[in-house]
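Next come the chains, spelled out residue by residue.
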Amino acid sequence: MKTLNDKSLFREQCLIAGAWRNAASGASVPVTDPATQGTLGHVPDVCGAETREAIAAADAAFAPWKAKTHAERGALLEAWHRLMLEHEQDLALILSLEQGKPLSEALSEIRYGASFVKWFAEEARRVGGTTIPSPTADRRIVILKEPVGVCAIITPWNFPNAMITRKVAPALAAGCTVVVKPSEFTPFSALALGVLAERAGISPGVINIVTGMPAEIGTELMANETVRKISFTGSTRVGSVLMRGAADSIKRLSLELGGNAPFIVFDDADIDLAIEGAIVSKFRNGGQTCVCSNRILVQSGVYDIFAARLSARVSAMKVGPGTGAPVDIGPMINEAAIDKIDRHVADALAKGAQILSKRPDMPKGKQYAVPLVLGGATTDMLLAREETFGPVAPLFRFETEAEAIAIANATPFGLAAYFYTESLKRSWRVVEALEFGMVGLNTGSVSTEVAPFGGVKQSGLGREGAQCGIEEYLEMKTFHIGGL
Ligand code: NAD
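No experiment lies behind these values; they were computed from the predicted model shown. (Residues numbered from 1 in each chain as written. Predicted model: local features only at pLDDT ≥ 70, side-chain atom pairs only at ≥ 80, totals over all residues. Heavy atoms only, no water.)

Visitor: Describe in detail the packing of aromatic side chains, supporting the description with residues and values.
Guide: Evaluated as defined, the whole model comprises six aromatic pairs. Between F10 and F188 the ring centres are 4.3 Å apart and the planes differ by 40 degrees, which places this aromatic pair in the tilted class. Taken together, the positions of F10 in the segment before β1 (14-16) and F188 in helix α6 (residues 187-200) put the pair 178 residues apart, joining distant regions of the chain. By relative accessible area, F10 is classed as partly exposed at 27%. An angle of 90 degrees between the planes, with centres 5.8 Å apart, marks the rings of W157 and F389 as edge-to-face. Of this pair, W157 sits in the loop between β7 (150-154) and α5 (162-174) while F389 sits in the loop between α12 (382-385) and β16 (392-398), placing them 232 residues apart in sequence. For the pair W157 and F389, a shared accessibility class is recorded, and that class is buried. We note R11 situated over the ring of W20; from NZ or CZ to the ring centre the distance is 4.6 Å. For R426, the ring lying beneath its charged end belongs to F266, and the centroid distance is 4.3 Å. (Phe/Tyr/Trp six-rings, centres within 6.5 Å; stacked < 30°, edge-to-face > 60°. Helix = DSSP H or I, 4+ residues; strand = E, 2+ residues; numbered from the N terminus. Buried < 20%, exposed > 50% of the residue type's maximum accessible area, 1.4 Å probe, protein only. Lys NZ or Arg CZ within 6 Å of the ring centre and 35° of its normal.)

In structure tokens, the structure reads:
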């Protein structure tokens, strides 16, 4: 069993106004290792009153944080970034233990998460306003960019580090302060980030972290008028609850919600590239990613060869605990995830799908899902409509480009889509026809700090990362200067 080099990164308390605290009630929530179902530790189950205190702390810290220069805030973010990389092995171990993903993937997530801190440390210096030509000679009009204020940051369990940094880094760079509510399944990665932010010299109250069950915390974050913005990554169901809850006090919202990504392989695709892309986009994090391919659409001419080659790769996958010997797939996050995968597979088989891959050696344990390639998938199956969020690759056969586009777009979600073709003409036709916020051509990966990340339709509102990511945390103030 691997152990932490710096044990103080493992915190079982929440962070409010610079103080590490238990819940006033003494209540706590256990955090489970998905590989063993053993308890890794406990975190405070914070109530509404404590959430109010965290919001008040963020509010008190807001004016001095906003008053710092962009360069000062950028330098503090740079220090946080350096500490994340210095402690990347420990952060990866905490992440892998609580979330289940293989340690190598956890390490990639830490570096990916850190990349947002670095990016927005740099972007902090480039927040600038504009001047507008005045309609009269005696006036000037200037647009100032100002931080939105106190932001609530609510994040899921599938990327416990990067989903936090992708929000907190631009918020802090813009001059906002935050109350972070990580998933109750993976709070330790968030708390470790809090320890490092404190060490980096980010002032008390700028980052507050409240842990525990979501109902009371969420109610306070939605209702409290001091919170000016909610930035949420998670399910479309909870996103819509937050949108309704934010309506009374007209909060700004960024919502990164569920997906149902199509992965389209045309007859003229480079099949080697398509197989690599399918492995990355479908099986990373055991298929528990919002941008992972949920529906693999393969044109008739290459269906059999693609199915055979993907099945061979999947049959050879290694499944096991994330922190043991290197594996391709770790345990799923909880038993509910396993139930959903089983339900989708049973429904598909009942409606005529066939399992094409061989069952790899499976470890003991309730939360491991067998990686599968399913042939003969059809649009009436559950897995065509909902995110399976597991290592199941359903193959849908299609004949024409128009048919593939129609199937791809037949979903209320619009986060990521992928397609493989060697034709330039087809590339432009298809990218323009796909109703998704991000489209990958001949690549299974669309996540990087330098490019906008986000969806259309019921996949959300707003974009994270890139130059536009900081705008989500900035207001415009139009300054009219007369009498000149
Ligand atoms: P979830 O919606 O169940 O939970 C997300 C967060 O919301 C958690 O912290 C949870 O405690 C909190 N929450 C739940 N109810 C709440 C309430 N009433 N008030 C306030 N907070 C509440 O999602 P999940 O199961 O943790 O994550 C998986 C989902 O996230 C998938 O649908 C996936 O597609 C989506 N996701 C989207 C993106 C993206 O960038 N679009 C990225 C990662 C995950």
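Visitor: Break down the site of the ligand for me, citing the residues and quoting the values.
Guide: Around the ligand, a shell composed of 27 residues is seen, among which T155, E184, S235, L257 and E387 lie nearest. A distance of 2.7 Å separates an oxygen atom of the ligand from a polar backbone atom of T155. In the model, an oxygen atom of the ligand is placed 3.3 Å from a nitrogen or oxygen of the G234 main chain. Relative to its unbound accessible area of 850 Å², the ligand is 88% covered by the protein chains. Those elements that provide at least two residues to the shell around the ligand are α5, α7 (214-223), β10 (227-233) and α8 (236-247). In the shell around the ligand, the residues fall into 14 nonpolar, eight polar and five charged. (Near = heavy atom within 4 Å. Polar contact = N/O pair within 3.5 Å; in protein donor to acceptor, adjacent residues only side chain to side chain. Areas by Shrake-Rupley, 256 points an atom, 1.4 Å probe, with all protein chains shown as cover. Nonpolar A, V, L, I, M, F, W, Y, C, P; charged D, E, K, R; others polar.)

Visitor: Tell me about the pairing of strand β3 (residues 28-32), residues and numbers included.
Guide: Side-chain alternation along β3 places V29 and V31 on a buried face and S28, P30 and T32 on a face that remains uncovered. Strand direction decides the pairing type here: β3 and strand β4 (residues 39-44), joined by five bridges, are antiparallel. Residue P30 lies in a different strand from β4, and its bridge partner there is H42. Between β3 and β4, which pair antiparallel in sequence order, lie six residues; one of them, Q37, sits at a positive phi of approximately 65 degrees. (Pairing = 2+ DSSP bridges.)

Visitor: Kindly report on the pattern of salt bridges, identifying the contributing residues and their values.
Guide: For the coordinates displayed, the defined rule picks out 24 salt bridges. The closest approach of N and O atoms between R111 and E88, which form a salt bridge, is 2.8 Å. You can see R111 sitting in helix α4 (residues 103-123) and its partner E88 sitting in helix α3 (residues 88-99), a full 23 residues away along the chain. Under the relative-accessibility criterion, R111 is labelled partly exposed at 42%. Notably, a salt bridge pairs R252 with E475, separated by 3.4 Å at the nearest N-O pair. Within this pair, whereas R252 is found in strand β11 (residues 252-256), its partner E475 is found in strand β22 (residues 474-481), the two being separated by 223 residues in sequence. Since its relative accessible area comes to 34%, E475 is described here as partly exposed. Salt bridges here are not isolated pairs; linked through shared partners, they connect D268, E401, R426 and R429. (Salt bridge = Lys/Arg side-chain N within 4 Å of Asp/Glu carboxyl O.)

Visitor: Lay out the sheet that holds strand β13 (residues 293-299) with the relevant residues and their values.
Guide: The seven strands are arranged β14-β15-β16-β13-β12-β18-β19 in an open sheet whose pairing can be described as mixed. Because the sheet does not close on itself, it has two edges, and the strands there are β14 (354-355) and β19 (438-441). Taken together, the three bridges between strand β15 (residues 372-375) and β16 define a ladder with parallel strand orientation. Each residue of the ladder has a partner; that of L374, found in β16, is P394. The sheet contacts of helix α11 (residues 335-350) involve β14, β15 and β16, and relative to β15 the element is tilted by about 30 degrees. (Contact = heavy atoms within 4.5 Å. Axes fitted to C-alpha atoms, helices over the stretch in contact; angles between N-to-C directions.)

Visitor: Report on the nonpolar core, specifying residues and quantitative values.
Guide: Of all hydrophobic cores here, the largest spans 67 residues; its most connected members are I264, V265, V291, F306, L310, L395 and L434. Residues within four places of V291 in sequence aside, it is in contact with A261, R284, L415, A416, Y418, M438, V446, S447 and F453. (Core = buried A, V, L, I, M, F, W, Y, C linked by side-chain atoms within 4.5 Å.)

These results come straight from atomic positions and should not be treated as a statement about function.
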